Amino acid sequence: MTNHITLGEYIIENQNDFQYSSGELSSLLSSIKLAAKVVNHEVNKAGLVDILGNAGNTNIQGEDQQKLDIYANNVFMKTLIDRDIVCGVASEEEDDFVIIGGKKQTHDHKYIVLMDPLDGSSNIDVNVSVGTIFSIYRRISPLGTPVTQEDFLQAGNMQVAAGYVVYGTSTMLVYTTGNGVNGFTLNPALGVFYLSHPNMKFPKDGKIYSINEGYYIHFPQGVKDYLKYCQEEEDNRPYTSRYIGSLVSDFHRNMIKGGIYMYPTSSKAPQGKLRLLYECNPIAFLAEQADGWASDGYKRILEIKPTELHQRVPIFVGSKNMVEKAEEFMANYPKDAKY
Ligand code: AHM
Ligand code: MG
């Protein structure tokens with residue numbers, strides 16, 4: 001632990017990084033911290049209570065919702081809405097964004113939050129790490145009016161803060177406000193997050209590649225070529241393959257050890273699987289703040305202008321040299337090549 005600094009103290013101490021800060025972002029981050037602790041408590045006892053399994057509902061993208069997905073979504077939504085600190089929230093588990101305050105705006109809140117409340121939830125039943133991912137923007141519509149779709153469809157380079165919680169062997173909250181990335185580990189006995197990983201940085205190079213190779217025959221040729229490159233017996237290769245199937249955990253490990261995570265397009269998922277707004281943008285912001293890189297294979301993730309709330313994009317993210325190498329292989333084929 002670094003001087004036993006708690007997350008609460010750290011948020012307050014760094015509030016002045018923001019010019020004219022009113023403390024609104026600090027309150028918002030504190031609310032996320034609180035919701036994370038509540039979800040952590042529930043996730044940790046998932047094997048003990050009758051909360052496991054499928055809730056029988058399907059979300060807007062046609063995927064099964066697990067009970068804990070719904071639980072986590074409710075906790076984060078309720079915490080943000082009840083504490084009256086943001087003007088709008090969008091969640092991977094909700095069909096549309098929520099306008100806080102309705103049509104009659106009685107507040108002047110300026111931030112919106114987008115989140116994936118429980119990513120990798122198919123792993124819950126088998127005791128594998130899951131995570132929460134969040135992304136924060138300043139609204140662009142005028143204060144005191146209801147938020148609009150435009151507020152949510154900003155490019156990732158407009159993010160004010162982003163982070164994730166990994167509910168793993170220990171629970172960590174990792175976030176950035178644009179001044180580097182810091183990781184805090186929860187002491188479960190005290191319910192307090194301590195600064196355990198200050199100034200996290202991706203090694204420039206790594207030896208780990210993370211991808212669902214089961215889809216190999218469905219990948220674009222550029223991805224296939226890059227995978228062969230990873231497996232060649234040359235220089236520092238072959239690399240090691242590690243894939244948990246839980247984005248937050250795969251990303252977290254790669255940031256610490258050096259590696260690349262890929263979820264490309266495939267003939268089965270022509271847009272990729274991961275969502276630009278709830279998963280790729282916050283992960284890309286964290287990656288860049290940790291000296292890594294995030295690309296859709298051809299361009300910087302953070303410069304993509306979103307067109308819809310639940311938009312999917314391919315992603316290559318991790319150690320800078322590795323992502324750039326993957327982009328080199330992708331560039332050998334046109335983006336729209338048939339495969
Ligand atoms: P989810 O938001 O439905 O949980 O899906 C996202 C997850 C990521 O955490 C993970 O990296 C990926 O889906 C795994 O997908 P696949 O099983 O296709 O490899
Ligand atoms: Mg997800």
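What you are looking at is a predicted structure, and each value in this text was computed from that prediction instead of being measured.

The rules behind these values
Residues numbered from 1 in each chain as written. Chains lettered and ligands numbered in written order. Predicted model: local features only at pLDDT ≥ 70, side-chain atom pairs only at ≥ 80, totals over all residues. Heavy atoms only, no water. Domains from an automatic or database assignment. Contact = heavy atoms within 4.5 Å. Buried area = accessible area lost by both parts, 1.4 Å probe. Salt bridge = Lys/Arg side-chain N within 4 Å of Asp/Glu carboxyl O. Polar contact = N/O pair within 3.5 Å; in protein donor to acceptor, adjacent residues only side chain to side chain. Helix = DSSP H or I, 4+ residues; strand = E, 2+ residues; numbered from the N terminus. Near = heavy atom within 4 Å. Areas by Shrake-Rupley, 256 points an atom, 1.4 Å probe, with all protein chains shown as cover. Buried < 20%, exposed > 50% of the residue type's maximum accessible area, 1.4 Å probe, protein only. Pairing = 2+ DSSP bridges. Phe/Tyr/Trp six-rings, centres within 6.5 Å; stacked < 30°, edge-to-face > 60°. Lys NZ or Arg CZ within 6 Å of the ring centre and 35° of its normal.

You'll often see interface size given as the accessible area lost when the parts meet. One can read the domain layout of the protein as domain 1 (7–197) and domain 2 (208–330). Placing a centre on the C-alpha atoms of domain 1 and another on those of domain 2 gives a separation of 23 Å. Domain 1 puts 49 residues into the contact, and the matching count from domain 2 is 32 residues. Both sides of the domain 1 and domain 2 interface together cover about 2900 Å² of buried area, and 61% of this is carbon and sulfur. On the domain 1 side of the contact with domain 2, Ile133, Leu153 and Tyr164 bury the most area, a combined 21% of that side's loss. On the surface where domain 1 and domain 2 come into contact, there are one salt bridge. Residue arginine 275 is joined to glutamate 92 by a salt bridge in which the shortest nitrogen-to-oxygen separation is 3.7 Å. Where domain 1 touches domain 2, the interface holds 11 residue pairs in polar contact (both at pLDDT 80 or more). Going through the elements one at a time, strand S3 (88–91), strand S5 (111–119), strand S6 (130–138), strand S7 (159–167) and strand S8 (171–176) are the ones with two or more residues in the side of domain 1 that touches domain 2. Among the elements that make up the side of domain 1 that touches domain 2, the one with the highest residue count is S7 (eight residues).

This paragraph deals with the site of ligand 1. Looking at ligand 1, there are 17 residues lining it, with Asp119, Tyr243, Leu247, Tyr261 and Tyr263 nearest. In the environment of ligand 1, an oxygen atom lies 3.0 Å from a nitrogen or oxygen atom belonging to the side chain of glutamate 92. Tyrosine 263 is positioned with one of its side-chain polar atoms (N or O) 2.5 Å from an oxygen atom of ligand 1. In isolation ligand 1 offers 470 Å² of accessible surface; the protein chains occlude 85% of this area. Residue assignment for the shell around ligand 1 shows that the elements contributing at least two residues are S5 and strand S13 (259–263). Two domains each put at least three residues into the shell around ligand 1: domain 1 (7–197) and domain 2 (208–330).

Quick look at the pattern of salt bridges now. Per the counting criterion, the structure on display carries 14 salt bridges. The salt bridge partner of lysine 45 is glutamate 42, with a shortest N-O separation of 3.6 Å. Assessed through its relative accessible area of 26%, lysine 45 is described here as partly exposed. Its relative accessible area of 11% is what places glutamate 42 among the buried residues. One connected set of salt bridges, linked through shared partners, spans Glu92, Arg275 and Glu279.

One open sheet holds the five strands; their spatial order is S12-S11-S13-S15-S14, and the pairing between them is mixed. In this open sheet, the two strands that pair with only one neighbour each are strand S12 (240–241) and strand S14 (293–295). Where strand S11 (residues 208–210) and S13 come together, three bridges link them in parallel fashion. Within S13, the position partnered with tyrosine 209 by the bridge is isoleucine 260.

Before going further, it helps to examine the packing of aromatic side chains. The tally for this structure, following the rule as stated, stands at 10 aromatic pairs. Ring centres 5.8 Å apart and planes at 55° place the aromatic pair tyrosine 226 and phenylalanine 329 in the tilted group. A residue pair is termed long-range when its members are at least 10 positions apart, and tyrosine 226 in helix H5 (residues 221–231) and phenylalanine 329 in helix H8 (residues 320–330) qualify at 103 residues. Residue classification places tyrosine 226 among the buried residues on the basis of a relative accessible area of 1%. Classification of phenylalanine 329 by relative accessible area gives buried; the value is 17%. Feature note: the residues Tyr226, Tyr229, Tyr239 and Phe329 constitute an aromatic cluster, connected by ring pairs. The cationic tip of arginine 237 hangs over the ring face of tyrosine 229; the distance from NZ or CZ to the ring centre is 3.7 Å. Above the plane of the ring of tryptophan 293 lies lysine 320, whose end atom (NZ or CZ) is 5.3 Å from the centre.

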